[in-house]
Every structure is written in structure tokens, then in C-alpha cells.
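# A structural walkthrough
Here is what each chain is made of, one letter per residue.
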Amino acid sequence: MNARFLSSLVAGALLVLAGPALAQEEYSFEGDQLLVSNLIGNITVSGHDGSRIIVRARAEGDDAGVLDFQVKEGGRAEFHVVYPLDDELRYSYPRRGNGRTQINVGSWRDDSSFLEDLYGDLSSRDKVEVSDGGRGLEAWADLEILVPNGVSTRIRLAVGELEARDVHAPVDLDTYSGPVRAENIVGDTRIDTGSGSVVARSITGDLHIDTGSGKVEVADVQGDDILIDTGSGSVTVDGASGRSLKVDTGSGSVRTSDIDAEDTLIDTGSGSVTLDLVRMGEGRHVIDTGSGSVTVRLPSDASCRISADTGSGGINLDVPNATLRRMSRDHVELDIGGGSGGSLEIDTGSGSITIETR
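Presented here is a report on the structure given in the accompanying data block. (Residues numbered from 1 in each chain as written. Predicted model: local features only at pLDDT ≥ 70, side-chain atom pairs only at ≥ 80, totals over all residues. Heavy atoms only, no water.)

### Quick notes on the nonpolar core
The biggest cluster of nonpolar side chains holds 96 residues, and the ones touching the most others in it are Phe 79, Tyr 83, Ile 145 and Leu 298. The contact partners of Ile 145, leaving out residues within four places of it in the chain, are Leu 34, Val 36, Ile 43, Thr 44, Val 45, Ser 46, Ile 54, Val 55 and Ile 155. (Core = buried A, V, L, I, M, F, W, Y, C linked by side-chain atoms within 4.5 Å. Buried < 20%, exposed > 50% of the residue type's maximum accessible area, 1.4 Å probe, protein only. Contact = heavy atoms within 4.5 Å.)

Structure follows, in C-alpha cells:
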């Protein structure tokens, strides 16, 4: 261990376990929060009833011996898989599939001063490249992480699969490339992937999902704010209850069912939209799609003002006890249930609009 590491350990009162990575290592340490980083591999996070954080790390690949594991204990605990980036910035990952991923080292170090010490000799302009084979070291690490109830966890992974389940604390899951799955989380949940599908089920707490490219599947969410943003990919929401539901996709269909929300906003550049409300709050419910059909199902006791526009496509209404205020081939305004509740606004550049009651 060099002098740079030693000075950081003394100043921060750290417990560090280091050395060449073996086939599998197990680490047990305490902390109120947890930060984990790993450039390459699969990570699984699970909750448990114990009082200590447990990490089981397995080094893989022909060059697995180049990896180190570093641990910072107490308060904001940290666990890092350390790669020899001073010597090699290119890595081979056979699970990667076709293509390559580049990671800016500067942004990777920003999460903690400990990481800055580990990779302090690198320039912020240096980039790590991970490809499916042929160049660089073949080394990665798979992690199994057990977190006690109440310990919030942030995971940073560059390339690989990331999963969290049965966690009773906030989780923050961040990956450059790879699928992410979160299930049975009691706590605010944030998921960010540059490219990869996302599945989130049985979430109690706010849910924020951001993926540059990849489909999103959400089910059984209860939280104040539910936010889903994908640059390209379909979105499915089956069962969500909250103050606000917002879905934004550059290209891809959006299908929802059993939605209970005060406000909803669904915005897609291209793709069909289905909004199925079991309860309609008194706020604004807005659907905007550049191209695609729109179907809205309202609860039988809904009370709202409706305005719908389509650039090209018909408007179909199946809403009993409606008061029609204005109607043409591509525009309609009406009230249902007296119109004293919220509002529903629909706009599609091209596509039919259907409004009906459940």
C-alpha cells in the first residue's frame, strides 16, 4: 500500500482490507450509509436483519489477480473494486456482447474523496474502455451485498447487471451500460442507466427512473413522486399510486393500468399512449405525443374538464353524462361529472383519440 493510501487512512480512521483479489472474499463492516463502486461485473443488493454490511466479492477473468478490494468503514461506508487504471485503461468483458463502453475517470472519482485517492494519478480526461474482447485486461468482479435495514445504499457500476431486492432503505442504482432491476424496496428508489432495460416492482417510496435507451417496466408502486424518463424505449406501468406520475420518452409507447394520481404527465415524441385511471385527482392530467394514438380510461365517478386535439385522426367518446362544450373533427371540449374536479388535456400530432369510462 503506498503513502497516498496510508495518509488517507490515518486522516479518515478507515478500516482497509486490500490485496490481490482471490476467487471469492467476504467483508463485514459497519456503516450508516453505503457507497459501492465497480467498473465491470454483476452486482446484487439484498436487505438483511443483521447490523453489519456484508460484501461477498468474486474476481473473474483470466487477469482477475490484478484487482484489489478496498473498504472504508463507519459513517458513510464504502466498498470499491480497484482496477489498475494507472497501467491499463482497456478491459475485456466477454459478457458485454457487441460494442464498447467508455467511462470518464473524472466523473467516476467525484463520488468520494476515497475514490479520488485511489485513482488520484489519473487525468480527468482519461477514459476507461470496456469491450467484448480482444484488447486489454480480462478482469471483472461480481458482488453480492447484504445491507441492514435503514442503511441507504448507492451503487455505481459501469458495465454489467445490477439488481436490488428486499431492501428497507433508500437505494440509488447507477450504471453506464446494463439492465437494472429493483424489487420489493421500502424507501426512495433512484435508477439511472445510460443504456439498458429497467424493471421496478413493489416499490414503497418515490421512484425516479432515467435510461438513455431501453424499455421500462414498473408495477405496484406507492410514492409521492413517480418519474420515468427514457430517451428511447417503451414504458409500462401496472399499478401506481402517488401524488404525481410523469412519463417522458423520446420514442416509444406508454401503457399504464390502475393509476391513482393527483397529477399525471405523459409525453412521448413518437408512440401510442394508454392512461388508465382508477382514481382521478383534482390536478392536471396531460398527454402529449408527436405521433401515436391515445386511449384514456376514466373512473366512473370522475369529474373533470376535457380538451382533446389531434392533427390527424378521429376522436371517439364513450363517456356517459358528458356535457359537450365544443366539438369538431380534430378537437373536442367537454365536461364530465359536472367538471368541478381536475382537467384532462390530450394532444397528438397524428393518431386517433379515445376517451372512455372504466
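Anyway, onward from the coordinates.
### Structural notes on the pairing of strand E17 (residues 207-211)
Burial along E17 is one-sided: Leu 207, Ile 209 and Thr 211 are buried, while His 208 and Asp 210, pointing the other way, are not. Where strand E15 (residues 189-195) lies against E17, 5 bridges are found, and the strand directions are parallel. Pairing of Ile 191 across the sheet is with Ile 209, part of E17. The pairing of E17 with strand E19 (residues 225-230) spans 5 bridges and is classified as parallel. Its bridge partner lying in E19, Leu 207 is registered against Ile 226. (Helix = DSSP H or I, 4+ residues; strand = E, 2+ residues; numbered from the N terminus. Pairing = 2+ DSSP bridges.)

### Comments concerning the packing of aromatic side chains
In this structure the tally under the stated criterion is 5 aromatic pairs. With a centroid separation of 5.6 Å and an interplanar angle of 85°, the aromatic rings of Tyr 83 and Tyr 91 are classed as edge-to-face. Summarising the burial analysis for this pair, Tyr 83 and Tyr 91 share the class buried. A ring pair is formed by Tyr 93 and Trp 140, whose centres lie 5.1 Å apart and whose planes are at 70°; its orientation type is edge-to-face. Here Tyr 93, found in the loop between strand E7 (90-92) and strand E8 (100-104), pairs with Trp 140, found in strand E10 (residues 140-148); they are 47 residues apart in sequence, far enough to count as distant. (Phe/Tyr/Trp six-rings, centres within 6.5 Å; stacked < 30°, edge-to-face > 60°.)

### Observations concerning the pattern of salt bridges
Taken as a whole and judged by the stated rule, the model has 29 salt bridges. When the shortest N-O distance is used, the salt bridge between Arg 56 and Glu 26 registers 2.9 Å. Of the two residues, Arg 56 sits in strand E4 (residues 53-60) while Glu 26 sits in strand E1 (residues 25-29), which places them 30 residues apart along the sequence. Asp 192 is the partner of Arg 190 in a salt bridge, and the nearest nitrogen-oxygen pair spans 3.2 Å. Taken together, the shared-partner salt bridges connect Arg 154, Asp 172, Asp 174, Arg 190 and Asp 192 into one network. (Salt bridge = Lys/Arg side-chain N within 4 Å of Asp/Glu carboxyl O.)

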